[in-house]
Amino acid sequence: MKNVIVIAFFLFSISVLAQKPCDYSANVTDSIGTYKETKEYIISEKHFASSSSYIFYSLANTDGIPTLNLQLLQKSKDFIKANCFDKNSRLFLQLNNGKIVTLIHIDQENCGTMIRDEKGFDNRVNSGVFMFAKDNYEELKNSPVSMMRIKYLTETEDYILKKELKSELNNQTYYPETYFIDNLRCIE
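Residues numbered from 1 in each chain as written. Predicted model: local features only at pLDDT ≥ 70, side-chain atom pairs only at ≥ 80, totals over all residues. Heavy atoms only, no water.

Caption draft 1: Layout of the confidence of the model for the chain. Per-residue confidence for the chain averages 89 on the pLDDT scale, and 90% of its residues sit at or above 70. Across residues 4–17, confidence stays below pLDDT 50; counting only partners more than four residues off in sequence or on other chains, it has 0 contacts. (pLDDT = per-residue confidence, 0-100. Contact = heavy atoms within 4.5 Å.)

Shown next, in the form of structure tokens:
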């Protein structure tokens, strides 16, 4: 019996210690309320000729309401088309278990901001805030995400999420498939 208790304690300790600590860019509680946001995390990175695009996620909790902040950064010497978020925009996540999770964009239109840098590149930064539905929030904690579809105001784009992504932007390794499994606990 003593061995069973020791083994159970050992397994429990491993599972608790195996989780990475949460890394926040903001964690504020004041008279207005509470706000927590995880640091940005690269989910997708594409490079082709003189164009690059990056998608970043961060999770936020504002007074008990969890949201996903998505930021799309595009860089090119060519024209960059604007993809706008509006109240009908959606983020669809296809899980490895076959289920599809839908996140709904907040009612705020955003087409991004264009900035020209000193090297002559156009940079478009577009951000969207998506809300989780109660019925499928738990699914994200248990199954990796294999594909992401972003429905903009006028078009839809698909992205295959990798198990492991070695970023050319900062030479760090990211794990997009398991982002929600690893980080949702940080905003609960």
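Caption draft 2: Seen up close, the nonpolar core. Formed by 33 residues in total, the largest nonpolar core has its most connected members in Tyr57, Leu91, Leu93, Met148 and Phe180. Among the secondary structure elements, those contributing two or more residues to this core are strand S3 (41–48), strand S4 (51–62), strand S5 (65–76), strand S6 (90–95), strand S7 (100–105), helix H2 (137–142), strand S10 (145–151) and helix H3 (179–183). At 5 residues, S4 tops the list of elements feeding residues into this core. Once residues within four sequence positions are removed from consideration, Leu91 is found in contact with Tyr57, Leu68, Leu70, Val101, Thr102, Leu103, Phe130, Met148, Arg149 and Ile150. (Core = buried A, V, L, I, M, F, W, Y, C linked by side-chain atoms within 4.5 Å. Buried < 20%, exposed > 50% of the residue type's maximum accessible area, 1.4 Å probe, protein only. Helix = DSSP H or I, 4+ residues; strand = E, 2+ residues; numbered from the N terminus.)

Caption draft 3: Geometry of the layout of surface pockets. If you add up the space inside the second largest pocket, you get close to 260 Å³. Elements with a minimum of two residues in the lining of the second largest pocket: S3, S4, S5 and strand S11 (156–160). Broken down by element, the lining of the second largest pocket gets its largest block of residues, 4 residues, from S5. Considering only residue class, the lining of the second largest pocket consists of 5 nonpolar, 7 polar and 4 charged. (1 Å grid on protein atoms, 1.4 Å probe; cavity = no way out; pocket = protein on both sides within 12 Å on 5 of 7 lines; lining within 4 Å. Points joined across faces, edges and corners; volume = space filled by probe spheres on them. Nonpolar A, V, L, I, M, F, W, Y, C, P; charged D, E, K, R; others polar.)

Caption draft 4: Representation of the packing of aromatic side chains in the model. Per the counting criterion, the structure on display carries 10 aromatic pairs. Each ring, one from Tyr41 and one from Tyr174, has its centre 4.9 Å from the other, and the planes form 90 degrees; the classification is edge-to-face. Of this pair, Tyr41 sits in strand S3 while Tyr174 sits in strand S13 (residues 173–174), and the two are 133 residues apart along the sequence. Each member of the pair Tyr41 and Tyr174 is classed as buried. Geometrically, the ring pair formed by Phe85 and Phe130 is edge-to-face, given 5.6 Å between the ring centres and 85 degrees between the ring planes. Note that Phe85 is positioned in the loop between S5 and S6 and Phe130 in strand S9 (residues 122–131), a separation of 45 residues in sequence. The burial state of Phe85 is the same as that of Phe130; both residues are buried. Through a chain of ring-to-ring contacts, three or more aromatic side chains come together here, namely Tyr41, Tyr57, Phe132, Tyr137, Tyr174, Tyr179 and Phe180. The ring of Phe121 carries the charged tip of Lys75 above its face, separated from the ring centre by 5.2 Å. Taking the ring centre of Phe121 as reference, the NZ or CZ of Lys77 above it sits at 4.8 Å. (Phe/Tyr/Trp six-rings, centres within 6.5 Å; stacked < 30°, edge-to-face > 60°. Lys NZ or Arg CZ within 6 Å of the ring centre and 35° of its normal.)

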